[in-house]
Amino acid sequence: MATMAPSPPPTKEAPCVKGIKQLLDEGLDHIPEFYLLPAHNRPCLSQVYSSDQPPIIDLATLHGHGRSHTLIALAKACHEWGIFQVINHGVPQSLVEGMFLASRAFFQLPAEERMRWFSDDSSQGNVVYIPIFGRDWDDALVFRSTGNEDQSFENAPEICREEIAKFYKAMAEFGTRTCQALSESLGLEPDRLRQAGVQHLTYCKLHYYSPCPEPSLAFGKIEHTDPNFFTCILQDDIGGLQVLKDDCWVAIEPRPDAILVNIADMMEILTNGRFKSVLHRVIANKERPRSSIACFVGAEKTDIIAPLPELINDQNPPIYRETPVSDLYAVFSKDPTGKFALRHFSLQP
Ligand code: OGA
Ligand code: NI
């Protein structure tokens, strides 16, 4: 993908194009109609949540005699939860903290400045500001890989350019290590998932969830599954991310030393349903802004993915058909919740 210059600011000044941060800076004290969810989709804040937490995987134990135990725990986490927290992940804390500071600095820029990176087509350009995504109460800045080893993001906002280049590289390496561990947890060679299409870190999204005047009427991010293979999430100490486990929403307690990894749709297809693409969402809050960083490990748009032959036998016939990656993204772009995307590729009635 070619490196593109920042887009000029949009000429159309529809209220939603400015993004939530800007509307609040201008004094907004209620939810604009555009963001109001239909009654049946609104957050039920009194819902009973489970206090269970996703399993913690200590990557340091992969190199010692706890190795086989860790691989079993990893496979179990991906099957039962579709999400786990990684500690001793090898990404320096200073890089993570630097990235969060730089992200907050970007979202504090004057709106006209942020809008220099605006595009209403987020698949174009390798640095794109998305002040509106569906009805989510969220502004985001997206960095997309150009496929080169060395991502320098020369066209990124100066305020976060250096940080994103270092952070992206470290997260890409973490993505590769995680991918190898996932492969081995399936009893396969470390490189097997990569050979089957799991590529590099495709893009990275800096999220800024503004305080929401009426958190019972909108979500930071409405419930969805991700379309890619797996997503690595870093979050600040505010909280709000929830995952569905056994029909119950679990609020993930933030841990500054951990990276969350959630399994996404393409991985569920590749593992023939052994690893579960987890439904997740972000609750908005009234008091403080929340920052998170989501790093998406995906495939080339031209790839075709299918259940791995090694994971198929008489007891485990294929439950997904061969799926062009472009079809998956097409389904996702029609319904950004992606909630039922996998049904389109299922072989089961
Ligand atoms: C996403 C996502 C969660 C978060 O970007 O797909 O689910 O905590 N983000 O921001
Ligand atoms: Ni997600």
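All of the points below concern the structure found in this document. The structure presented is a predicted model; accordingly, all values stated were derived computationally and were not measured.

**Quick word on the coordination of the nickel ion (ligand 2)**
Distances from the nickel ion (ligand 2) to its protein donors, His 224 (NE2), Asp 226 (OD) and His 280 (NE2), fall at 2.1 to 2.2 Å. Coordination of the nickel ion (ligand 2) draws on donor residues from a single chain, spaced H-x1-D-x53-H in sequence. For the residue pair His 224 and Asp 226, the accessibility class agrees, reading buried in each case.

**Things to note about the side chain of His 89**
With respect to the secondary-structure elements, His 89 resides in the loop between strand E2 (83-87) and helix H3 (93-108). The buried category is assigned to His 89, whose relative accessible area is 5%. Within the structure, the side chain of His 89 is placed 3.1 Å from the backbone oxygen of Asp 257, a separation counted as a polar contact. For His 89, the contacting residues outside a window of four places in its chain are Leu 59, Phe 174, Arg 177, Asp 257, Ala 258 and Ile 259.

**Considerations on the packing of helix H2 (residues 67-80) against helix H5 (residues 158-185)**
Their axes nearest at 8 Å, the elements H2 and H5 cross at an angle of 90°. Classified by the interaxial angle, the pair formed by H2 and H5 is roughly perpendicular. For the pair H2 and H5, contact is made by Arg 67, Leu 71, Leu 74, Ala 75 and Cys 78 and by Ala 181, Leu 182, Glu 184 and Ser 185, respectively. Grouping the constituent residues of the contact of H2 with H5 by class yields six nonpolar, one polar and two charged.

**So, the site of ligand 1**
Within the structure, ligand 1 sits among 13 residues, and His 207, Tyr 209, His 280, Arg 290 and Ser 292 are positioned closest to it. Side-chain polar atom of His 280 to an oxygen atom of ligand 1: 3.0 Å apart, as the coordinates give it. Measuring from an oxygen atom of ligand 1, one finds a side-chain N or O atom of Ser 292 at 2.6 Å. Taken by itself ligand 1 offers 290 Å² of open surface, and the protein chains cover 97% of this. Elements with a minimum of two residues in the shell around ligand 1: strand E5 (201-209), strand E6 (219-224), strand E11 (280-283) and strand E12 (290-297). Among the elements that take part in the shell around ligand 1, E12 stands out by supplying four residues, more than any other. Partitioning the shell around ligand 1 into residue classes produces six nonpolar, four polar and three charged.

**A word on the state of the cysteines**
One pass over the full model with this rule turns up zero disulfides. Residue Cys 204 stays outside any disulfide, its sulfur separated by 3.7 Å from that of Cys 295, the closest cysteine. By relative accessible area, Cys 204 is classed as buried at 0%. By relative accessible area, which is 1% here, Cys 295 ends up buried.

**As for the packing of H3 against H5**
Between two packed helices, what matters for the description is the angle formed by their axes and the separation of those axes. Contact geometry for H3 and H5: axes closest at 9 Å, N-to-C directions at 140°. When the interaxial angle is binned, H3 and H5 end up oblique. Judged by the twist between their axes, the crossing of H3 over H5 is left-handed. When H3 is examined against H5, the residues Leu 95, Gly 98, Met 99, Ala 102, Ala 105 and Phe 106 are found in contact with a partner set consisting of Ile 159, Cys 160, Glu 163, Ile 164, Lys 166, Phe 167 and Ala 170. When its residues are assigned to classes, the contact of H3 with H5 shows 10 nonpolar, one polar and two charged.

**So, the pattern of salt bridges**
Summed over all chains, the structure comprises 12 salt bridges. One salt bridge in this structure joins Glu 184 and Arg 67, with 2.2 Å as the shortest N-O distance. With Glu 184 in helix H5 and Arg 67 in helix H2, this residue pair connects regions lying 117 residues apart in the sequence. Of the residues examined, Glu 184 reaches a relative accessible area of 22% and is grouped as partly exposed. Note that Arg 116 and Glu 113 form a salt bridge whose closest N and O atoms lie 3.3 Å from each other. By relative accessible area, which is 37% here, Arg 116 ends up partly exposed. Because the salt bridges share partners, they merge into one network encompassing Asp 136, Asp 138 and Lys 221.

**Some words on the sheet that holds strand E4 (residues 139-144)**
Strand order in the open sheet formed by eight strands is E1-E2-E10-E7-E12-E5-E4-E3, with mixed pairing between adjacent strands. Strands at the two margins of the open sheet, each flanked by one partner only, are strand E1 (56-58) and strand E3 (127-130). Averaged over all pairs of adjacent strands, the angle between strand axes in this sheet comes to 25°, irrespective of strand direction. Examined bridge by bridge, E4 and E5 share six bridges and lie antiparallel to one another. Bridge pairing in E5 links Leu 141 to Leu 206. Strands E3, E4, E5, strand E7 (230-235) and E12 of the sheet are contacted by H3, whose axis makes an angle of about 60° with E5.

Criteria and thresholds
Residues numbered from 1 in each chain as written. Chains lettered and ligands numbered in written order. Predicted model: local features only at pLDDT ≥ 70, side-chain atom pairs only at ≥ 80, totals over all residues. Heavy atoms only, no water. Donors = N, O, S within 2.8 Å, 3.2 Å for Na, K, Ca; no water. Buried < 20%, exposed > 50% of the residue type's maximum accessible area, 1.4 Å probe, protein only. Helix = DSSP H or I, 4+ residues; strand = E, 2+ residues; numbered from the N terminus. Polar contact = N/O pair within 3.5 Å; in protein donor to acceptor, adjacent residues only side chain to side chain. Contact = heavy atoms within 4.5 Å. Axes fitted to C-alpha atoms, helices over the stretch in contact; angles between N-to-C directions. Parallel < 35°, antiparallel > 145°, perpendicular 65-115°, else oblique. Nonpolar A, V, L, I, M, F, W, Y, C, P; charged D, E, K, R; others polar. Near = heavy atom within 4 Å. Areas by Shrake-Rupley, 256 points an atom, 1.4 Å probe, with all protein chains shown as cover. Disulfide = S-S within 2.5 Å. Left-handed = near helix turned anticlockwise from the far one by under 90°. Salt bridge = Lys/Arg side-chain N within 4 Å of Asp/Glu carboxyl O. Pairing = 2+ DSSP bridges.

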